[in-house]
Amino acid sequence: MMLGWVIACHNNMALEIRDALEAQAGVLPQCCTVNFWPEMSNNMLSRAMCDALHNTDSGDGVIFLTDLPAAPPYRAAALLSHKHPGCEVICGISLALLQSMLPARETLTSEQFRQQIVAAGGDSVTSLWHQQQKNPPFVLIKPGSHS
């Protein structure tokens, strides 16, 4: 079992994080980076994120690890995650946090990983799932029904 990791951050941060992780732990299987540059279109970013998802998914789940909440990499990951079971979107990552979570890639489900990384990350780390619990999806109430 191995969770795929897609590290998606602004500028060169994703690559720098992966390079630092690999310097410590060796080559990371099922790990892709997406560097988001200000001049990148949403379409280019979505394509890169989709490619990264497919390159890291072995069927055990994929974790999108992003830097800033509500920023383009987070939004692109959120859209992709709704179409693929076992995908989680995390934001607020740091090198130290990912170093501590590296062993969990091989032992936890994507849901367990999400819970553990958010707990370990403190106030600066959250997930799409956690945000959705704060803001439940819009529910259409049919005319004439009372709730």
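Each value, and the rule that gives it
- Residues numbered from 1 in each chain as written.
- Predicted model: local features only at pLDDT ≥ 70, side-chain atom pairs only at ≥ 80, totals over all residues.
- Heavy atoms only, no water.
- Buried < 20%, exposed > 50% of the residue type's maximum accessible area, 1.4 Å probe, protein only.
- Helix = DSSP H or I, 4+ residues; strand = E, 2+ residues; numbered from the N terminus.
- Pairing = 2+ DSSP bridges.
- Right-handed = clockwise from strand over helix to strand, strands pointing away.
- Expected span 1.5 Å × (residues − 1).
- Arc of directions from axis to C-beta.
- UniProt positions renumbered as here; feature names shortened; annotations may be inferred.
- Polar contact = N/O pair within 3.5 Å; in protein donor to acceptor, adjacent residues only side chain to side chain.
- Contact = heavy atoms within 4.5 Å.
- Phe/Tyr/Trp six-rings, centres within 6.5 Å; stacked < 30°, edge-to-face > 60°.
- Lys NZ or Arg CZ within 6 Å of the ring centre and 35° of its normal.

This paragraph deals with the pairing of strand 3 (residues 62-66). Of all five residues in strand 3, five are buried, a share of seventy percent or more. Taken together, the five bridges between strand 1 (residues 4-10) and strand 3 define a ladder with parallel strand orientation. Looking at strand 3, one finds that Trp5 is bridged to Ile63. With five bridges joining them, strand 3 and strand 4 (residues 87-91) adopt parallel strand pairing. Within strand 4, the residue paired with Leu65 across the bridge is Ile90. Tracing the backbone out of strand 3, into helix 3 (residues 72-81) and back to the parallel element strand 4 gives a crossover that is right-handed.

The terminal C-alpha atoms of helix 5 (residues 110-121), which comprises twelve residues, lie 16 Å apart, in line with the 16 Å expected from a rise of 1.5 Å per residue. Those residues of helix 5 lying buried are Ser110, Phe113, Arg114, Ile117 and Val118. All buried residues of helix 5 lie within an arc of 120° about the axis, which places them on one face of the element. With respect to the buried face of helix 5, the exposed residues turned more than 90 degrees away are Glu111 and Ala119.

What follows concerns unusual backbone geometry. At Gln30, a position not held by glycine, the phi torsion is positive, near 55°. With respect to the helices and strands, the residue Gln30 is situated in the loop between helix 1 (13-25) and strand 2 (31-36). The class of Gln30 is partly exposed, set by a relative accessible area of 24%. Of note in this structure, Ala70 is not a glycine but carries a positive phi near 70°. Topologically, Ala70 is positioned in the loop between strand 3 and helix 3.

The next point concerns the UniProt feature "domain: PTS EIIA type-4" (unreviewed entry) in the protein. Sequence positions flagged by UniProt for "domain: PTS EIIA type-4" (unreviewed entry) are, in local numbering, residues 2-125. A distance of 22 Å separates the end C-alpha atoms of residues 2-125, which is 46% helix and 19% strand.

Looking at the element boundaries, Ser110 is found in helix 5. A distance of 3.2 Å separates the side chain of Ser110 from the backbone oxygen of Gly86, its partner in a polar contact. Setting aside residues no more than four positions away along its own chain, Ser110 makes contact with Leu3, Ile63, Gly86 and Glu88.

Glancing now at the packing of aromatic side chains. One pass over the full model with this rule turns up one aromatic pair. With centroids separated by 5.9 Å and ring planes inclined at 65°, the aromatic side chains of Trp5 and Phe113 adopt a geometry described as edge-to-face. Residue Trp5 is found in strand 1, and its partner Phe113 is found in helix 5; the two are separated by 108 residues along the sequence. Here the two residues Trp5 and Phe113 agree in accessibility, since each one is buried. Lying across the ring of Trp5, Arg105 places its NZ or CZ 5.0 Å from the centre.

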